[in-house]
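Understanding the architecture of this molecule
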Amino acid sequence: MSTPPGGTADPHLSGGQLAGWERATGGPGRGHGAGQHTVRRHNLALVLREVAGPLPVSRAAVAARTGLTRGTVSSLVEELISARLVTELAAARGATGRPASPLQLDPSGPAGLGVEIGVDAVGACVVDLTGAVRARRVAHSDHRDELPAAGLATAEALAAEVVAEAGLPIAGAAVALPGVVGADGVLERAPNLPRWVDVAVGEELGGRLGLPVQAGNEADLAALAELWSGGPADAVHVSGGIGVGAGILLGGRLFRGASGRAGEIGHVVVEPDGRPCTCGGRGCLETVAGLTALLRAAGTADLEDLVAVRPPDVLAAVGRALGVALAGAVNLLDVPAVVLGGIYPRCGEPLLNAVRAELAVRVVSRPAVDVRFSALGADAALRGAATAVVHDLLADPMIVARSAHPPLSGR
């Protein structure tokens, strides 16, 4: 994933990262003064963070919680209302004294567009400021033998459909990709997409859509989505599909390694003399636990047939292979949780129990590793991409004013 504009690379950040992704996990910092512009930017984010809580809040409560004066809060709230980031609700009736008008995030304000280009599918969704999915589309689109232009065209079409359906101004977009995304946002390599080498997907898709598009690894974005939906802050999130990837969360932040390639768990060897892998190796986890391998072992034509049958012996074998690969990651990183996402939640208890059993005998830490299915399933990366844009706005609301690209409206 890429370095934020004007920023520097950080091994804990995911590639294609929008400026707010890191701050969104802990809120805007409380750094000390710079210029008036910087102070106002900081205070806007401070106020917006309070409004973004689970319940509507009054201006007086925001002032009390932030330590800002009521006059300052009122001025900042008016600016946020003008930017359509905050809306003011009607005052409660029947209250004694002067009733306060509660504030909340504006569900009709600037939204995030998420796009996922996978090995055999494309998805798009719009998420509003409250985190609600306002429109979603997924379409089959096999890219294994196609040039990038075909997948980009499908993504463009789906994006236009969800934007039109949502009817919200779109402030920006992020695209989730099944491969290594460099610091410049370029998809460097995707083993299952041999014709997608050094493709500036974000730049090219942004040109088609007419708005800024950041690019990131799909497993990283899935891990963030899980975190933002209440998942563990320290975990390995495994994203299963035709390929197998992992997003690593440490202390609520993504860990991406020295050059952004952390999380390639699908190419950890679990069978040294096993089948050849698309990466050029042999016996990688993907050759046992990827969707193609699963279907071959089960003798089924597609995922729906597999889910209908759920052969326990096949799923147990896949779970054991996942457990072997994950045990190394857990022992190395000392994470207390593993989240199984992508296709794995649809495989059910035989796979989950096999992973738990393998980790129980291979991991040296105590207590037992918390192994769970993703709450978001196969939608996690797509949701993560769209929600990342929203988190960016919440972390730095002046993005709306600064943007050289007017919001793309679905109206």
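Because the structure is predicted, anything quoted here is derived from the model rather than measured.

Rules and cut-offs
Numbering of residues begins from 1 in every chain and follows the order in which that chain's sequence is written. Local features are withheld for residues below a pLDDT of 70 in this predicted model, meaning they are given only at 70 or higher, and side-chain atom pairs are given and counted only at 80 or more; totals for whole chains, interfaces and linings count all residues. Water and hydrogen atoms were dropped before computing side-chain values, which therefore reflect all heavy atoms in the structure. When a residue's accessible area, from a 1.4 Å probe over protein chains only, is under 20% of the maximum for its type it is buried; when over 50% it is exposed; and in between it is partly exposed. Comment: elements are numbered from the N terminus, with helices defined as DSSP H or I runs of at least four residues and strands as E runs of at least two. By the convention used here, strands pair only if DSSP detects at least 2 bridges between them. The convention used is that axes are lines fitted to C-alpha atoms, helices contributing only their stretch in contact, and that angles between N-to-C directions extend from 0 to 180 degrees. In this scheme, roughly parallel covers angles under 35 degrees and roughly antiparallel covers those over 145, while 65 to 115 is roughly perpendicular and the rest are oblique. Each crossing is labelled by how the near helix is turned from the far one, with a counterclockwise turn of less than a right angle marking it left-handed and a clockwise turn marking it right-handed. Any two residues whose heavy atoms approach within 4.5 Å are treated as being in contact. Gly counts as polar in this scheme, as do all residues outside two lists: the nonpolar Ala, Val, Leu, Ile, Met, Phe, Trp, Tyr, Cys and Pro, and the charged Asp, Glu, Lys and Arg. By definition here, a helix of n residues has an expected span of 1.5 Å times n minus one. Fitting one axis to the seven residues ending at a residue and another to the seven starting there, the bend at that residue is the angle between the two axes. As used in this record, nonpolar core signifies buried Ala, Val, Leu, Ile, Met, Phe, Trp, Tyr and Cys residues forming a set joined through side-chain atoms within 4.5 Å.

Description of the pairing of strand β11 (residues 244–250)
Within a regular strand, side chains alternate between the sheet's two faces. Most of β11 is tucked away, with six of its seven residues classed as buried. Pairing analysis gives six bridges linking strand β10 (residues 235–240) to β11, with the strands arranged antiparallel. By the bridge assignment for β11, Gly240 is matched with Val244. Counting the residues that bridge the hairpin from β10 to β11 gives three residues. Here three bridges tie β11 to strand β12 (residues 253–255), and the two strands are oriented antiparallel to one another. In the sheet register, Ile248 faces β12, and the bridge partner there is Phe255. Here β11 folds back onto β12, and the loop between the two strands holds two residues, one of which, Gly251, carries a positive phi near 60°.

Some words on the packing of helix α5 (residues 148–166) against helix α6 (residues 201–209)
As a packed pair, α5 and α6 sit with axes 10 Å apart at the nearest point and diverge in direction by 45°. The orientation of α5 relative to α6 falls into the category oblique. Of the two elements, α5 crosses α6, and the hand of that crossing is right-handed. Taking contact as the criterion, the partners of Ala149, Leu152, Ala153, Ala155, Glu156 and Ala159 in α5 are, on α6, Val201, Glu204, Leu205, Arg208 and Leu209. Split into classes, the residues belonging to the contact of α5 with α6 amount to eight nonpolar, no polar and three charged.

With respect to helix α11 (residues 312–333)
The terminal C-alpha atoms of α11, which comprises 22 residues, lie 30 Å apart, in line with the 32 Å expected from a rise of 1.5 Å per residue. Along α11, the sharpest kink reaches roughly 25°, centred on Leu326. Just beyond α11, the residue with positive phi is Asp334, at close to 60°.

Brief notes about helix α9 (residues 291–298)
Along α9, the residues that are buried comprise Leu291, Ala293, Leu294 and Leu295. Where α9 is buried, its residues touch α8 (286–289), α10 (303–309) and α11. Just beyond α9, the residue with positive phi is Gly299, at close to 70°.

A look at the side chain of Asn43
Examined against the element boundaries, Asn43 turns out to sit in helix α2 (residues 36–51). By relative accessible area, which is 12% here, Asn43 ends up buried. Beyond its immediate sequence surroundings of up to four residues, Asn43 is in contact with Leu68 and Leu76.

Things to note about unusual backbone geometry
The phi dihedral of Arg84 falls on the positive side, at around 65°, and the residue is not glycine. Examined against the element boundaries, Arg84 turns out to sit in the loop between α4 (70–82) and β1 (86–88). For Arg84, a relative accessible area of 30% translates into the label partly exposed.

Let's talk about the sheet that holds β10
Judged by pairing direction, the sheet is mixed, and its five strands sit side by side in the order β12-β11-β10-β13-β14 without closing on themselves. Each having just a single partner strand, β12 and β14 (370–373) make up the two edges of the open sheet. Within this sheet the neighbouring strands show an average axis-to-axis angle of 25°, counted without direction. Together, β10, β11, β12 and β13 (337–342) form the strand contacts of helix α7 (residues 218–228), whose direction differs from that of β11 by roughly 45°. Here α11 sits on the sheet and contacts β10, β11 and β13; the angle it forms with β10, its principal contact strand, is near 155°.

Quick look at the nonpolar core
Ranked by internal contacts, the top residues of the largest apolar core, which has 72 residues, are Leu113, Ile117, Leu322, Leu326 and Leu340. The element that contributes the greatest number of residues to this core is α11, accounting for ten residues. What Ile117 contacts, discounting residues up to four positions off in sequence, is Val122, His143, Gly151, Leu152, Ala155, Val175, Ala176, Leu177, Pro178, Trp196 and Val201. Grouped together as the second largest cluster of nonpolar side chains are 28 residues, Leu48, Val51, Leu80 and Leu103 included.

Section: the environment of Glu271
Mapped onto the elements of the fold, Glu271 is located in the loop between β12 and α8. Considering only alpha carbons, one finds Glu271 and Ala321, 50 residues apart in sequence, at a separation of 8.6 Å. For Glu271, the contacting residues outside a window of four places in its chain are Arg282, Gly283 and Val288.

So, to be careful, I would describe these as geometric facts and stop short of saying anything about function.
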